[in-house]
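Results of the structural survey
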Amino acid sequence: MTRLRIARGTAVPMGSRMSTVSIAVAMLLGTATAAAQDAAAPQGQASAADSLEEIIVTGYRQSLNAALNTKRASIVAVDQIVADDIAAFPELNLAESVQRIPGISIQRDAGEGRQISVRGLGPQFTRVRINGMEALATIGTSDANGGTNRDRAFDFNVFASELFNSITVRKTASADVEEGALGATVDLRVARPFDYNGFTFVTGGKLGYNDLGDDFNPRGTVLISDTFGDGKFGALFSAAYSHRKLLDNGSSTVRWQQGGTAASNFNATLGSNYAGSGSTATLAEINNAFRPRIPRYDVYGDDQKRLGLTGSLQFAPTDGTLLTLDNLYAKFDSQRTETYLESPIFSSNGANGINKVRVQAAEVDEHNSLVYGVFDNVDIRTEDRFDDMTTKFRQHTLTLEQRLTDTLSLNAIAGYAKSEFENPIQTTLIWDANNVQGYTYDYRANSRLPVLGYGNANVTDPNAWHLVQIRQRPNGADNTFTNFGADLAWNATDALKLTGGAQFKKYEFSTTSFRLPSETAVSAQATVPTSSYSQLVKLTGVGAPAGTATVWATPDLDAAAGLMNLYDRSLFPLSINADLGNNRSVEEKDTGGFVAAQLSTSLFGIPVKGDLGVRYVRTQQSSTGWQQLSGGAQLITVDHSYNDTLPSLNIVANLTDTFLMRFGAAKVMARTGLGNLNPGGAVSISGQLKTVTAGNPLLDPTRATAIDLAGEWYFAKESLLSVALFYKDITSFVQTVRSTNQPFSNNPIGLPDSVATAACAAQGADPATCLVGWDFNIPANTPGGDLKGFEVSYQQPFAFLPAPFNNFGTILNYTYVDSKVAYRDSTGAIVRQATLTGLSKNGANATVYYDNGKWSARVSAAYRGDYLTTVPGRNGNAEEGTKSTLNLDFAAAWNVTDAFQLSLEGLNLTNEAQDQYVDTAADRLSYYHLQGREYLLGARYKF
């Protein structure tokens, strides 16, 4: 519980050590105006603050009040989430918290929020600032969830939520905030010593339990803060640690693909290769249908450790000077295992692959999907992959707030931030068993959890398998920001404030990737008995149907490492040559400045305030990568620069004491994704998938004109009903133009055939079909399209109800977004009109809470509709996407004393699945995983 007493006759100077929450509550009650009157009142004269009494605000409602007040007072459209107490952010994960804001949806990884989308625009269009400067933190994950993050999307799960005091989401642009966001700018702020009054100490711990992984997961936090020297100097330190283990189980297919050519069909001789018993389709229909590329079940295990540290020093020698040094360190360690039981032959080509498979029975559904089959001569596989990953993030920022005169003030910032992601071990061992008779897959009864039967194969016997591949693919990605900025603000009159400033920002990105020259196991390795390095893996918690193999033998990487000396680089030398496309870098230098005017006046008796400004920025890019030339690979660098002039306007009109209207208009831009800027081309072969991916370092950014209109009705204390309309005309869009199943000679960047044959030889691919069946992915600037939508939000405590119902309250919001973008092929022809990738048309949040100061509880539901991820889809599919989700969470707390609290939380109570698909109409399975429910029991002490 926080007690706030507004002293009679006391003004709140710049740099005041009142807490953020206290300031917000004071503003809510009008005390900011009263304080200003006090400062101007003659000595001894009664002030407006004299009538104020002690106000008590507590808990979750306290955080809602502070956020509501920030929204109401701001000229730009903002939403905010603040800690409801010291080091007590309302969720365990920052992304999980921010999804409660209207218009925001999240993407999850390993059961927790990772990235956010704002008003239909994906994570790459959102900028994140920490303590006032831009930063980027990235992690690595499974291939199905994107692998190593080598783009501009911010991974929120690097950080412990307890490190932060507030998240502010700026949905409209203003000239004083740096460019780079099409969706929103998100500001994260750590705790500082002047947020608290004198000595403060808080410690707490939680013990979590996951019902799928059957593991206990601890987390703890501590914060200590104090002020010295008559309140002129303050120091704060905080730390947060968590250890989380979980299972992440399910099924996947790595998409579906169509036959269509003799090299990719079941043998076309009906008499010899098609028994036809029990089938409802002809062989021609079966060969023309889409089949799962790699039908399989997956068992993932994650072991994550998260450490966060903050240190903040503040110095206020006078009322007009505030100097703040913020330091933030985060370390996110993750060890992940991935184990599969699968049949990759359905993705293969050629006589040694799919052509030898004999169809015993099959069924093709109304969407031309081969949903059932019994097959002979099938090669099956088990593989075990281990990743050891670490992200280290550090940031140092020095800010100065200096009042130069009564009307002129200076704000300056200098900062450095670096995120280092390392994946030094990514090792996979692959066992095969060939010519299995009676193999079955069946998606008819359950399109997400199929029956997979392995015929006459004994999948639990390690001696039934033989080693075919050893993969080692260590990689990493670094992101560095160096930032300098300063601005001046001049209060020209009581109604007019003029601001201007300049900024220089340097951003550096680099990524590396290594592979073995050949991933085919040699005879010395293949002759090591598989039984000497085997383990049994069990699939649990997903409800696999009867007839499915749920226990199988797979390689034990720890044992194999010792037997084969897997990490002896004289035996297993690594090279960048097999993955040149992921050895690249980008350097950007952004030089910009702005001027703006803020006006507060009255028009026709209506109070109006606004902000009109313009920002200019010059971006200088230097992109380096490997290009395959006739003489071999060569490292090249391409320079590119562009300028942007970005005007912005925000107006707020208080039509009544409780109702206001907002209008915003701006030119906005977001710099091109880092992968698209690669000046080289990458030639990769993964299984039977052969891909050429090239970049375009001369791409312009995505640019748009944004218009916003909102009405906000603060109809009662702590209450809001609002409607916001938004529109973005995206005039310059970057999309990946795809060409599928092409001869290698058709590649658009002029690579010689020798590049393909060398890659095939290195990966052990069939040389007879090496030059056919390639996919090309090349980015290009396209005209884009428009995006439009609306948000509705309602928030109210039920104070009007009789006790005890007066302690209840609710927060509800709904967002609708739509867009039309023309997707083009390599010739420039429009192949599809569809929504933006990452855009969910429908999103909603609902929270019902109870808070009486002693007890508090809340239940929250978050809904995100379907969204597309790839358009056009790969392997001939119309598109790829992710299914809708509805996540339900619960939290309760008991304040045993003013200093001691007990809590209970439940996350993902509906055990919502991650469900990815290909082709919206056919709804073919790509990836379907469950992570289980998590429960946490906690205790917290403060003084």
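Here's what I pulled together on the structure shown here. (Residues numbered from 1 in each chain as written. Predicted model: local features only at pLDDT ≥ 70, side-chain atom pairs only at ≥ 80, totals over all residues. Heavy atoms only, no water.)

**What to know about unusual backbone geometry**
Geometrically, the link from Ala803 to Pro804 is a cis peptide bond, its omega value of 0 degrees lying close to zero. When you line up the elements, Pro804 lands in the loop between strand 37 (785-797) and strand 38 (808-824). With omega at -15 degrees, the peptide bond leading from Val871 into Pro872 counts as cis. By the secondary structure assignment, Pro872 is in the loop between strand 42 (867-870) and strand 43 (880-882). Despite not being glycine, Asn565 shows a phi value in the positive range, around 55 degrees. For Asn565, the position within the fold is in the loop between helix 8 (557-564) and strand 28 (584-603). Non-glycine residue Phe604 carries a positive phi angle of around 55 degrees. By the element assignment, Phe604 lies in the loop between strand 28 and strand 29 (606-629). (Helix = DSSP H or I, 4+ residues; strand = E, 2+ residues; numbered from the N terminus.)

**Some details on the sheet that holds strand 17 (residues 358-364)**
In spatial order, the strands read 17-18-21-22; together these 4 strands make up an open sheet with antiparallel pairing. Edge positions in the sheet fall to strand 17 and strand 22 (451-454), since each has one partner strand and no second. Each adjacent strand pair in this sheet contributes to an overall mean axis angle of 5 degrees, direction not counted. Sheet analysis places strand 21 (residues 439-442) next to strand 22, joined by 4 bridges and oriented antiparallel. (Pairing = 2+ DSSP bridges. Axes fitted to C-alpha atoms, helices over the stretch in contact; angles between N-to-C directions.)

**A closer look at the sheet that holds strand 8 (residues 164-170)**
Through backbone hydrogen bonds, the strands of a sheet pair up, either in parallel or in antiparallel fashion. Pairing is mixed across the open sheet formed by 5 strands, whose spatial order is 3-8-9-6-7. The open sheet has two free edges, formed respectively by strand 3 (78-82) and strand 7 (133-134), since each of these has just one partner strand. In terms of strand pairing, strand 8 meets strand 9 (residues 184-190) through 6 bridges, oriented antiparallel. Within strand 9, the residue paired with Ser166 across the bridge is Arg189.

**Notes on the side chain of Thr847**
By the secondary structure assignment, Thr847 is in strand 40 (residues 842-851). Classification of Thr847 by relative accessible area gives buried; the value is 5%. A polar side-chain atom of Thr847 sits 2.9 Å from a polar atom in the side chain of Ser860. In this structure Thr847 touches Tyr60, Gly809, Thr810, Ile811, Leu812, Arg858, Val859 and Ser860, once residues within four positions along its chain are discounted. (Buried < 20%, exposed > 50% of the residue type's maximum accessible area, 1.4 Å probe, protein only. Polar contact = N/O pair within 3.5 Å; in protein donor to acceptor, adjacent residues only side chain to side chain. Contact = heavy atoms within 4.5 Å.)

**A look at the pairing of strand 41 (residues 855-864)**
Across 9 bridges, the pairing between strand 40 and strand 41 is antiparallel. Bridging from a neighbouring strand, Val848 pairs with Val859 of strand 41. With antiparallel pairing between neighbouring strands as the criterion, strand 40 and strand 41 make up a hairpin whose turn holds 3 residues, including Gly853 at a positive phi of roughly 90 degrees. Inspection of the sheet shows strand 41 paired to strand 44 (residues 885-895) by 10 bridges, in the antiparallel sense. Its bridge partner lying in strand 44, Ser856 is registered against Ala893.

**Observations concerning the nonpolar core**
The nonpolar side chains of a soluble globular protein tend to be buried, and buried together. Counting residues in hydrophobic clusters, the biggest one holds 56 residues, and the most contacted among them are Phe266, Phe346, Phe375, Ile380 and Tyr439. In contact with Phe266, other than residues within four places in its own chain, are Leu283, Ile286, Asn287, Arg291, Phe346, Ile354, Asn355, Val357, Val359, Leu370 and Phe375. Core analysis: the next-biggest nonpolar cluster, separate from the first, contains 43 residues, Ile101, Met133, Leu328 and Phe509 among them. (Core = buried A, V, L, I, M, F, W, Y, C linked by side-chain atoms within 4.5 Å.)

**Description of the packing of aromatic side chains**
Under the counting rule described, the total for this entry stands at 31 aromatic pairs. On the numbers, 5.0 Å between centres and 65 degrees between planes, the contact of Phe346 with Phe375 is edge-to-face. Of this pair, Phe346 sits in the loop between strand 16 (321-342) and strand 17 while Phe375 sits in strand 18 (residues 370-376), and the two are 29 residues apart along the sequence. Residue classification places Phe346 among the buried positions, given a relative accessible area of 0%. (Phe/Tyr/Trp six-rings, centres within 6.5 Å; stacked < 30°, edge-to-face > 60°.)

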